[in-house]
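Structural features, examined
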Amino acid sequence: MSVVDPIRDESGWAFRDVPGATPDPANGFTYLAEAYRATDPHYHGRVTVPVLWDTHAHAIVSNSDDDIMRMFETEFDAFARKPELALYPVSLRGEIDALNDAIYETIDDGVYRAGFASSQAANESTAYRVFETLDALDARLAGSRYLFGAAPVETAWRLFVTLIRFDAVYHGHFKCNLRRIVDYRAQQLTVSVSATATGSATGWARRTGSSSPDG
Ligand SMILES: N[C@@H](CCC(=O)N[C@@H](CS)C(=O)NCC(=O)O)C(=O)O
């Protein structure tokens, strides 16, 4: 896995040998845009992360985090050390989808809508919804180690990416500041999946200190 530098210049996401990022051992690209151009020379859309790169076809398979997450869950069992691990178990899919939608709308996307709200009232109503969902998740975790019982499912990772940055970024910069994650039981969720986190605290700290956080 390669990690782009959290700080972007005018050429966009870049692979660099700096704290919180890595070079690109697969292709030796400097900019992620090179991967998009290698896949489609006529591509003029946004150059976004994440990206799943096919080292055999030398092309991007997907740049959708939703799709990539599901591909890792369902398409790579032949290569997995623990193929029996089910992060999207068939019996829970309906419930997982419903909670994923609520978490996306009110938390993952909610913090951005609060942060970029054009009025105080819009910021507050969106931020209140962030905390309504966090309160509900906190209550849910009072009786259960994970969101769906004894083992984590993919929902934890969807939530984790926002929770781990919440106190450092969204609480202050995006004015979602009724409470901090450290005040919640849900923090146990961030701790429990943090060993597998794809980001790095070093990277977030560098990015937050240097620019307005937008991703
Ligand atoms: N299509 C992507 C969008 C992901 C996305 O917006 N990524 C942000 C960072 S979190 C990004 O790369 N932004 C760069 C840009 O828009 O120029 C997905 O939903 O997975």
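Residues numbered from 1 in each chain as written. Predicted model: local features only at pLDDT ≥ 70, side-chain atom pairs only at ≥ 80, totals over all residues.

**Things to note about the overall build of the chain**
What the chain contains, in helices and strands, is eight helices and two strands. The burial tally for the chain puts 21% of its 215 residues in the buried class. Taking the intrachain contacts of the chain between residues at least 6 apart in sequence as the baseline, contacts between residues at least 24 apart amount to 52%. (Helix = DSSP H or I, 4+ residues; strand = E, 2+ residues; numbered from the N terminus. Buried ≥ 20, exposed ≤ 12 C-beta atoms within 10 Å, placed from the backbone. Contact = placed C-beta atoms within 7 Å.)

**Digging into the nonpolar core**
In globular proteins that are soluble, nonpolar side chains generally tend to be buried together. Ranked by internal contacts, the top residues of the largest apolar core, which has 20 residues, are Ile107, Val111, Ala114, Val130, Leu163 and Cys176. Elements with a minimum of two residues in this core: α3 (93–108), α4 (110–115), α5 (120–142) and α6 (154–173). Non-local contacts of Val111, meaning those with residues more than four positions away in its chain, are made with Val130, Thr162, Tyr170, Phe174 and Cys176. By size, the runner-up hydrophobic cluster in this structure holds 12 residues, among which are Ala21, Val47, Val51 and Trp53. (Core = buried A, V, L, I, M, F, W, Y, C linked by C-beta atoms within 7 Å.)

**Structural notes on the packing of α3 against α6**
Contact geometry of α3 with α6 gives a least axis separation of 10 Å together with a crossing angle of 5 degrees. When the interaxial angle is binned, α3 and α6 end up roughly parallel. In this structure, α3 uses Ile96, Leu99, Asn100, Ile103, Ile107 and Asp108 to contact α6, whose residues at the interface are Glu154, Thr155, Arg158, Leu159 and Thr162. In the contact of α3 with α6, the residues fall into five nonpolar, three polar and three charged. (Axes fitted to C-alpha atoms, helices over the stretch in contact; angles between N-to-C directions. Parallel < 35°, antiparallel > 145°, perpendicular 65-115°, else oblique. Nonpolar A, V, L, I, M, F, W, Y, C, P; charged D, E, K, R; others polar.)

**Digging into the confidence of the model for the chain**
Residues with a pLDDT of 70 or more make up 86% of the chain, whose mean pLDDT is 87. Taken as a whole, residues 194–200 scores under 50 in pLDDT and shows six contacts with residues more than four places along the chain or in a different chain. Predicted confidence is poor over residues 208–215, with pLDDT under 50, and the contacts of this stretch with residues over four places away or in other chains come to eight contacts. (pLDDT = per-residue confidence, 0-100.)

**Looking at the environment of His171**
Note on placement: His171 falls in helix α6. Those residues in contact with His171 that sit more than four places away from it in its chain are Phe166, Cys176, Asn177 and Arg180.

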